[in-house]
Amino acid sequence: MQHARVLNSGKIQNEWTSIWHIQTEAFFLYSDMSQDRTILVCAKETPDTYSDLSFSGGSVQFSNPRPVLNAYDASALEEALVLSEAHGFRVHVVMIGPEKASETLRKALAMGADEATLLTDAPKDADSAVIAKILAAFVEQFGPDAVIMGRQSQDTDVGLAGGMLADHLQWPWTTNAIGIRFEQEAFWVKRQGDSAQEWIDSPMPCLITCSNNLNDPRIPTLKGIMASKKKPMHIVAIDSLPGGDALSTLAPSTTIESLTPMPERAAGELVEGDLETLVEALMKGLGSIPETGVGS
Amino acid sequence: MRVCAVIPCFQEELRSSALEVLTKATIVASSSGGRVEAWLVGPTAEKHSSKAAQYGAATLRVMELEVDSEAKGVNVSLGRRIVDAVDELMTQSTAELATEGAPQPPSLLLFDNTELTKDVLGACGARLDVPVIADVVDLSWDGHQCIAQRPTYASKVMSKVHAEGSVILCSIRAGLFEPDEKPVKATTHRYKSPQTDLLGQVLKELVAPEGDTVDLTEAPIIIGVGRGIADETGKDLVAKLATLIRGEIAISRAHFESGMYSHTLLVGQSGKVVAPRLYLALGISGSIQHVAGMSESHTIIAINKDPEAPIFDLADLGIVGDLYQILPALIHALESTQA
């Protein structure tokens, strides 16, 4: 990484947009990692799905036009930063997206990540399977000690990429983390299961996917934002990764044919009034559901 | 062609989500001319195989699986064992069908949508190198193409997803299909579990709080508790009500942080996704994240003191008022009818 730092420490560092042009030659220096251990956070940029949604010509628009860092990935990054503070990991964030996604990736640096890579020129309509194959090529080249990522993205809610990536890498994985500790050279993950919580211990390297109930991701401070402008961000075209020619032409195995508004629930009855009226309405409502046993 | 319900068997009772998957498998099979198989994987696989036949599976593939932890009635295996098991069953069954002289049949593998499935579905898809569609609410399949409907954008948009291939995996959201008995005469094939290399991973401990073995995705009546229930008095009222209407308690994000309830009970985009017969929302405002986890409920009744609360937009019955007055009066009314 030394070369990349040199490139960023001169004149260019005051003009962070120029970092965009530090191309793939820097990438091959990843193998020259310092002895620092690294957590790689895989992040995605999504629309702000918590803003108001509208339809126009079969596509979806959100009232906030600015994309956001996927909330689940933000939790993954927060956890990586906490682990970094306690155990000295370097935190590197990788994102697949267009060059414009560097703005979102810059926020991850402002939160405190040390370095970032934006993988550009992804195949059109990439699905989880395509994303996982690209990330696998990147991870194999990069060689982090752990990958931490969101358990799903807040736009599609698919939640497959983590498991796919782990299987490509043949790494142990733990999903839906609600707590992570690093002890005795292993990651101890508390996972929320269906009806219990599991403590799972994985040696390095391993992959962890995070619930967004794990923590509250920090808001970048002004200092963090200033510092982020000097941090290295590598822009790497996917076809320059190992096996890149095949990766950049991968066809998705699933395609979205259409998006339609969810059928709205019919507007119900709203009851206001004195206590007697309210309880009466409730008794009637509960009585209409046989499973409550109220009507019988 | 075959439609295979993949059923992890780690509990004494077969989950109702497994029966729903079997029912959906029989529906898809009858419209596509396929056969229904049940792949039962886990320590209680043998025990549940007859039930799978009762729900329409003519071929039962049974694989006993090692358990990594057993505590308080909850069995858990690490996900890698399940991925290896599915991979092995696919290889073995394909080989068997080939020796019977048939060409490799197109296979649709259906999973439920529990946390256990979410842990392994992506890895299964990568291992088999086949298309995967997660969390579908409906699907059709013709042996080659699969068209599935799945909610997206926090359940505000329905996405129609297309996949094609000789093998396709889908997970099905729970609570949407009524399990339907269709007894058939079944043949059972038994398989030895493969040797799984856990890559050094160890399941250290299972934290199953006493009595907290409720699986919300299975519950017909759910009482969702939000910020409006703020103290032990409120918690006691909710507990009483739950007993009276046979409900299970769920929580919104507010109580994930309050510490009043177990984290297992969280319903929402980041917790459990449920579709019970009745969702009774108590003091829940109805954030997008929470609604994404319960909007498919058959009936929603909401009580909230704020008439503008977004939860009322989707409630079949909305009650505007103070929970601390309404709940005691409601409990009294319920007790007097049941007395």
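Residues numbered from 1 in each chain as written. Chains lettered and ligands numbered in written order. Predicted model: local features only at pLDDT ≥ 70, side-chain atom pairs only at ≥ 80, totals over all residues. Heavy atoms only, no water.

S.K.: So what exactly am I meant to see when it comes to the sheet that holds strand E8 (residues 138-141) of chain B here?
M.R.: By way of backbone hydrogen bonds, the strands of a sheet pair with one another, either parallel or antiparallel. Sheet architecture is open: 4 strands sit in the order E14(A)-E10(B)-E9(B)-E8(B), paired in antiparallel fashion. The sheet is open, and its two edges are formed by strand E14 (254-261) of chain A together with E8 of chain B, each paired on a single side. Between one strand axis and the next, the sheet turns by 20° as a mean value, whatever way the strands run. Pairing geometry for E8(B) and strand E9 (residues 145-152) of chain B, over 4 bridges, is antiparallel. Residue B:Leu139 lies in a different strand from E9(B), and its bridge partner there is B:Ala148. (Pairing = 2+ DSSP bridges. Helix = DSSP H or I, 4+ residues; strand = E, 2+ residues; numbered from the N terminus. Axes fitted to C-alpha atoms, helices over the stretch in contact; angles between N-to-C directions.)

S.K.: Which parts of the structure should I look at to understand unusual backbone geometry?
M.R.: Between A:Met204 and A:Pro205 the backbone carries a cis peptide bond, its omega angle lying at -5°. With a phi angle near 60°, B:Asp135 is a residue other than glycine that sits in the positive phi range. As for its placement among the helices and strands, B:Asp135 is situated in strand E7 (residues 132-136). Even without being glycine, B:Ala154 reaches a positive phi, approximately 55°.

S.K.: When you look at the domain arrangement of chain B in this model, what are you seeing that I'm missing?
M.R.: Buried accessible area, meaning the area lost when the parts come together, often serves as the stated size of an interface. All names here are of chain B. By domain assignment, chain B separates into domain 1 (2-191) and domain 2 (216-338). Of note, the centres of domain 1 and domain 2, computed from C-alpha atoms alone, are 32 Å apart. Between the two partners, domain 1 and domain 2, sit 1 salt bridge. Here arginine 277 ties to glutamate 178 by a salt bridge, and the two come within 2.7 Å at their closest N and O atoms. (Domains from an automatic or database assignment. Salt bridge = Lys/Arg side-chain N within 4 Å of Asp/Glu carboxyl O.)

S.K.: So what exactly am I meant to see when it comes to empty space enclosed by the protein here?
M.R.: In this approach a probe as big as a water molecule rolls over the atoms, and the regions it shows empty are the leftover space. This model, assessed by the stated rule, comprises 7 cavities of 30 Å³ or more. Of the pockets and cavities examined, the largest cavity occupies roughly 330 Å³. As for the largest cavity, its lining consists of 26 residues, and the residues nearest its centre are A:Gln152, A:Asp157, A:Val158, A:Gly159 and B:Lys118. Contributing elements (two or more residues each) for the lining of the largest cavity: helix H5 (161-169) and strand E9 (173-183) of chain A together with helix H4 (115-128) and E7 of chain B. Residue assignment places the lining of the largest cavity across two domains, with domain 1 (2-191) and domain 2 (216-338) of chain B each supplying three or more. Empty space within the second largest cavity amounts to approximately 250 Å³. When residues of the lining of the second largest cavity are traced back to their parent elements, those giving at least two are strand E5 (74-76), helix H3 (79-99) and H4 of chain B. With 3 residues, the single largest contributor to the lining of the second largest cavity is E5(B). (1 Å grid on protein atoms, 1.4 Å probe; cavity = no way out; pocket = protein on both sides within 12 Å on 5 of 7 lines; lining within 4 Å. Points joined across faces, edges and corners; volume = space filled by probe spheres on them.)

S.K.: I would appreciate a short explanation of the interface of chain A and chain B in the present structure.
M.R.: With 78 residues of chain A at the contact, the number on the chain B side is 98 residues. Approximately 7400 Å² of surface area, both sides summed, lies buried where chain A meets chain B, with 56% of it carried by carbon and sulfur atoms. It is A:Asp194, A:Met262 and A:Arg265 in chain A that bury the most area against chain B; as a group they hold 11% of the surface buried on that side. The interface formed by chain A and chain B contains 10 salt bridges. Among the salt bridges present, the one from B:Asp119 reaches A:Arg191, with a minimum N-O distance of 3.9 Å. If you look at where chain A meets chain B, you find 50 residue pairs in polar contact (both at pLDDT 80 or more). Taken together, the residues that form the side of chain A that touches chain B break down as 34 nonpolar, 29 polar and 15 charged. Pairing analysis gives 5 bridges linking strand E11 (residues 197-203) of chain A to strand E13 (residues 202-207) of chain B, with the strands arranged antiparallel. In the strand pairing of E13(B), A:Glu198 is matched with B:Leu206. (Contact = heavy atoms within 4.5 Å. Buried area = accessible area lost by both parts, 1.4 Å probe. Polar contact = N/O pair within 3.5 Å; in protein donor to acceptor, adjacent residues only side chain to side chain. Nonpolar A, V, L, I, M, F, W, Y, C, P; charged D, E, K, R; others polar.)

S.K.: Sorry, what's going on with the environment of A:Ala74 here?
M.R.: Residue and element names in this part refer to chain A. Along the chain, alanine 74 turns up in helix H2 (residues 71-87). Taking relative accessible area as the criterion, alanine 74 reaches 8% and is therefore assigned buried. A sequence separation of 220 residues divides alanine 74 from valine 294, and the C-alpha atoms of the two residues are 45 Å apart. Once residues lying within four places of it in the same chain are set aside, the contact partners of alanine 74 are Leu69, Met111 and Pro217. (Buried < 20%, exposed > 50% of the residue type's maximum accessible area, 1.4 Å probe, protein only.)

S.K.: Looking at this structure, how should I read the sheet that holds E7(B)?
M.R.: All names here are of chain B. Spatially, 7 strands are ordered E7-E11-E6-E1-E2-E3-E12 in an open sheet, and the strand pairing comes out parallel. Only two strands of the sheet have a single neighbouring strand rather than two, namely E7 and strand E12 (187-191). Averaged over neighbouring strand pairs, the angle between their axes works out to 20° when direction is ignored. Note: E7 against strand E11 (residues 167-172), 3 bridges, orientation parallel. Across the sheet, residue isoleucine 133 finds its bridge partner in E11, namely cysteine 170.

S.K.: I keep staring at the pattern of salt bridges and nothing clicks. Help me out?
M.R.: Inspection of every chain in the model, using the stated rule, returns 34 salt bridges over all chains. When the shortest N-O distance is used, the salt bridge between A:Glu78 and A:Arg218 registers 2.8 Å. Highlighted residues: A:Glu78 in helix H2 and A:Arg218 in the loop between strand E12 (206-210) and helix H6 (222-228), separated in sequence by 140 residues. The class of A:Arg218 is partly exposed, set by a relative accessible area of 27%. Its salt-bridge partner being A:Lys100, residue A:Glu103 comes within 3.5 Å of it at the nearest N-O pair. Taking the relative accessible area as the measure of exposure, A:Lys100 reaches 59% and is therefore exposed. Here the salt bridges do not stand alone but share partners, grouping A:Asp167, B:Asp84, B:Asp87 and B:Arg127 into one network.

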